[in-house]
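Each chain, written out:
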Amino acid sequence: MSSIPTPNPEEARRILEERARAAGFDLVGVTDAEPLEEGGERLREWQDAGMAADMGYMHRPVELLSNPKKLQKSARSVVSLGVSYYPGEHPENEGGGRVARYAWGRDYHEVIKKRLFRLREELEEELGVRIKARGFTDAVPLLERSAAQHAGLGFFGRNSCLINNDIGSYFFIADLILDLELETDDPGTGTCGRCTRCMDRCPTGAIKAPGVVDARLCISYLTIENRGEIPRHLRPLVGDWAFGCDVCQEVCPYNKTKATKSHWPEFSAESGYGPYLDIVETLGIRDEEEFKQHFAGTPLTRPGRAGILRNCCVAAGNLKLTVAVPVLVTALREDSSPLVRSHAAWALGEFGNPEAMTALREAANREQDARCREEIDLALQGAVNEEGATDPDGTRGLE
Ligand code: SF4
Ligand code: SF4
């Protein structure tokens, strides 16, 4: 094998296409390794507006995030690959915590990484050269979507997702940065036309302008990356989402007409946790080890135990899931995480039934954490006010 990549760029591109398709990727595109200036500019504006919330990796310097050569000095091409994860539609909710479609199956990082590295090896064999490569999916701070748009995989929709004219937007993007020159593709084109459905239907109004999502309001961020509270005023808007949110993709006409089921069995509902979390079961997970075992190999480990339980509290409160009251009471009494206890208090306040009220009053006498106490007080006040609202004398809640 030579150490200098010399294959003809057109021929190398053809072989890449062939091998990537055989590996199961639905979309294949190539762009050069120059800085992604437009994407970098957009990222800078987004960061400056505070919309990246506390996602550490999104606060890294734009120069690093937008320049493939900062990730690999010898980079000459960026290969963008797309694979549909679309597992179908959610069945009717019978009291579960709704999971975004990309997380129904196995952890995509591992699944895709294996095929990416195999693809690199196959390219080396086929082209007879050693290729220096970095492969990643959603893990290295390159503006993946921007690179993919440059590589022709799609265009940016108003929901900020990359939309492909043939398969919509339910696809993962994976990249290989190579020190190999490949023929490049034209950038992706397309348009939302006059459609504004995603902006109109986003439950929290997170899409501030076409293509600009304020992570601080986005349910996807709030239920996955966010390590703290879900702000009180947003909790009712989160609805039954317990991991991520698909609303702005569900309403998109491109997905309604183009989304076809993933060919990768790893992304099917059967191979992972599926479309809904069992709220009662999840709220009963008390320690980290049990949590890791329970969700092993799925993307659902990402928010951590406290994060997932927090989300289940909010979903239970919004669904008024009466069967969850006993586990919420136990969580309020026993959970080691103040984050879980405070959200359990909020959820119990949403029920306001005698069992919930008794648990909240007991907790008020016992709770040491200041923020939890505040939540308990607010839950008690809210429940009392609600009773008062249907009680003209205002006496029922005052016993
Ligand atoms: S993921 Fe949900 S909350 Fe976030 S922008 Fe889309 S619709 Fe809005
Ligand atoms: S819902 Fe409409 S506006 Fe939003 S991304 Fe899809 S086509 Fe564009």
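Model, not experiment: these values are computed from the prediction.

Asker: Can you explain the environment of Gly29? Please cite residues and give values.
Answerer: Relative to the helices and strands, Gly29 resides in strand E1 (residues 27-32). Through-space distance from the C-alpha of Gly29 to that of Glu124 is 18 Å; in sequence the pair is 95 residues apart. Discounting residues that sit within four places of it in the chain, Gly29 has contacts with Arg13, Val78, Val79, Ser80, Ala151, Leu153 and Asp185.

Asker: Mind laying out the site of ligand 2, listing which residues take part and the relevant values?
Answerer: Near ligand 2 you find Gly157, Arg158, Asn159, Ile163, Cys192, Cys195, Arg197, Cys198, Cys252, Pro253 and Tyr254, and these make up its full shell. Looking at the shell around ligand 2, the elements with two or more residues in it are helix H7 (197-201) and helix H11 (253-258). Looking at the shell around ligand 2 residue by residue, the classes come out as seven nonpolar, two polar and two charged.

Asker: Which residues make up the sheet that holds E1, and what are the values?
Answerer: Judged by pairing direction, the sheet is antiparallel, and its four strands sit side by side in the order E1-E2-E7-E4 without closing on themselves. The sheet terminates laterally at E1 and strand E4 (133-136), the two strands that pair on one side only. Shown here is a sheet whose adjacent strand axes are inclined to one another by a mean of 20°, direction ignored. Where helix H1 (residues 9-22) meets the sheet, its contacts fall on E1 and strand E2 (77-84), and the angle it forms with E1 comes to roughly 145°. The strands that helix H5 (residues 108-127) touches are E2, E4 and strand E7 (171-178); relative to E7, the one it contacts most, it runs at about 40°.

Asker: Hey, could you go over the domain arrangement of the chain for me, with residue numbers and the actual values?
Answerer: Here the chain is partitioned into domain 1 (9-87 + 105-178) and domain 2 (284-308 + 319-399). Placing a centre on the C-alpha atoms of domain 1 and another on those of domain 2 gives a separation of 41 Å. With seven residues of domain 1 at the interface, the matching set in domain 2 holds five residues. Where domain 1 abuts domain 2, roughly 410 Å² becomes buried across the two surfaces, and 43% of that area is made up of carbon and sulfur atoms. Looking only at domain 1, the three residues that lose the most surface to domain 2 are Gly105, Arg106 and Asp107, adding up to 66% of its buried area. At the boundary of domain 1 with domain 2, the tally comes to zero salt bridges. The residue inventory of the side of domain 1 that touches domain 2, partitioned by class, reads two nonpolar, two polar and three charged.

Calculation rules
Residues numbered from 1 in each chain as written. Chains lettered and ligands numbered in written order. Predicted model: local features only at pLDDT ≥ 70, side-chain atom pairs only at ≥ 80, totals over all residues. Heavy atoms only, no water. Helix = DSSP H or I, 4+ residues; strand = E, 2+ residues; numbered from the N terminus. Contact = heavy atoms within 4.5 Å. Near = heavy atom within 4 Å. Nonpolar A, V, L, I, M, F, W, Y, C, P; charged D, E, K, R; others polar. Pairing = 2+ DSSP bridges. Axes fitted to C-alpha atoms, helices over the stretch in contact; angles between N-to-C directions. Domains from an automatic or database assignment. Buried area = accessible area lost by both parts, 1.4 Å probe. Salt bridge = Lys/Arg side-chain N within 4 Å of Asp/Glu carboxyl O.

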